[in-house]
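Take a look at the letters that make up each chain.
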Amino acid sequence: MPTNLETVQFTFSNVTGHEYTESESVGASGQVIAAETAIKSFEIGFEGNDREIMSEKIQTDADVHGDTISVNLEALFRDASGHIDDPYGGDVEVLVITETE
């Protein structure tokens, strides 16, 4: 059973008032038995003035649909006020590991 590695790039900007969520589809050469994701690299921050950081969240996972994988990303960057009212953005590179028949 072959193992495949692929990267997916997520780029986002001017996110405010909510958590950033996005999905990208990746095709596989054959029926996917299993798929996992890992964060390969990331750069995330506030746009404009620097602020004191309260929390940062980056989460990724994969959903298998036959020979297609949906790579999901959730990201959040919140300042010390506790509100999600300051624009943030960044780049997240996700490694997708698949096992096919």
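Let us look at the structure shown here.

Cut-offs used in this document
Residues numbered from 1 in each chain as written. Predicted model: local features only at pLDDT ≥ 70, side-chain atom pairs only at ≥ 80, totals over all residues. Heavy atoms only, no water. Helix = DSSP H or I, 4+ residues; strand = E, 2+ residues; numbered from the N terminus. Buried < 20%, exposed > 50% of the residue type's maximum accessible area, 1.4 Å probe, protein only. Contact = heavy atoms within 4.5 Å. Areas by Shrake-Rupley, 256 points an atom, 1.4 Å probe, with all protein chains shown as cover. Pairing = 2+ DSSP bridges. Axes fitted to C-alpha atoms, helices over the stretch in contact; angles between N-to-C directions. Phe/Tyr/Trp six-rings, centres within 6.5 Å; stacked < 30°, edge-to-face > 60°.

A few words on the overall build of the protein chain. A tally of regular secondary structure across the protein chain gives zero helices and six strands. Of the regular secondary structure in the protein chain, the N- to C-terminal order runs β-β-β-β-β-β. Considered along the principal axes of its C-alpha atoms, the protein chain spans approximately 50 × 20 × 15 Å. Scored against the burial criterion, the 101 residues of the protein chain give a buried share of 34%. A sequence separation of at least 24 residues applies to 77% of the contacts in the protein chain between residues at least 6 apart. When the accessible area of the protein chain is evaluated, it comes to approximately 5700 Å², of which 43% is carbon and sulfur surface.

Checked against the element boundaries, Gly89 lands in strand β6 (residues 88-100). Sequence separation between Gly89 and Tyr20 is 69 residues, and the spatial gap between their C-alpha atoms is 8.9 Å. With residues near it in sequence (within four places) discarded, Gly89 still touches Phe12, Ser13, Glu43, Ile44, Gly45 and Glu47.

Here the focus is the sheet that holds strand β1 (residues 3-15). Within a sheet, neighbouring strands are paired by backbone hydrogen bonds and run either parallel or antiparallel to one another. Ordered in space as β1-β6-β3, the three strands form an open sheet in which the pairing is antiparallel. This sheet does not close on itself; its edge strands, each paired only once, are β1 and β3 (32-46). On average, each strand axis in the sheet is tilted by 15° relative to the strand beside it, whichever way the strands run. The pairing of β1 with β6 spans eleven bridges and is classified as antiparallel. Opposite Thr11, over in β6, you have Asp91 as the bridge partner.

Let's shift gears to the sheet that holds strand β4 (residues 53-65). Strands sit in the order β2-β5-β4 across an open sheet of three strands; the sheet is antiparallel. Strands at the two margins of the open sheet, each flanked by one partner only, are β2 (20-27) and β4. Looking at each pair of strands side by side, their axes are set apart by 15° on average, direction ignored. Pairing analysis gives twelve bridges linking β4 to strand β5 (residues 68-79), with the strands arranged antiparallel. Directly across from Val64, in β5, lies its bridge partner Ile69.

Here the focus is the packing of aromatic side chains. Per the counting criterion, the structure on display carries three aromatic pairs. On the numbers, 6.3 Å between centres and 80° between planes, the contact of Phe12 with Tyr88 is edge-to-face. Residue Phe12 is located in strand β1, and its partner Tyr88 is located in strand β6; the two are separated by 76 residues in the primary sequence. Residues Phe12 and Tyr88 agree in their burial class; the two are buried. On the numbers, 4.7 Å between centres and 55° between planes, the contact of Phe46 with Phe77 is tilted.

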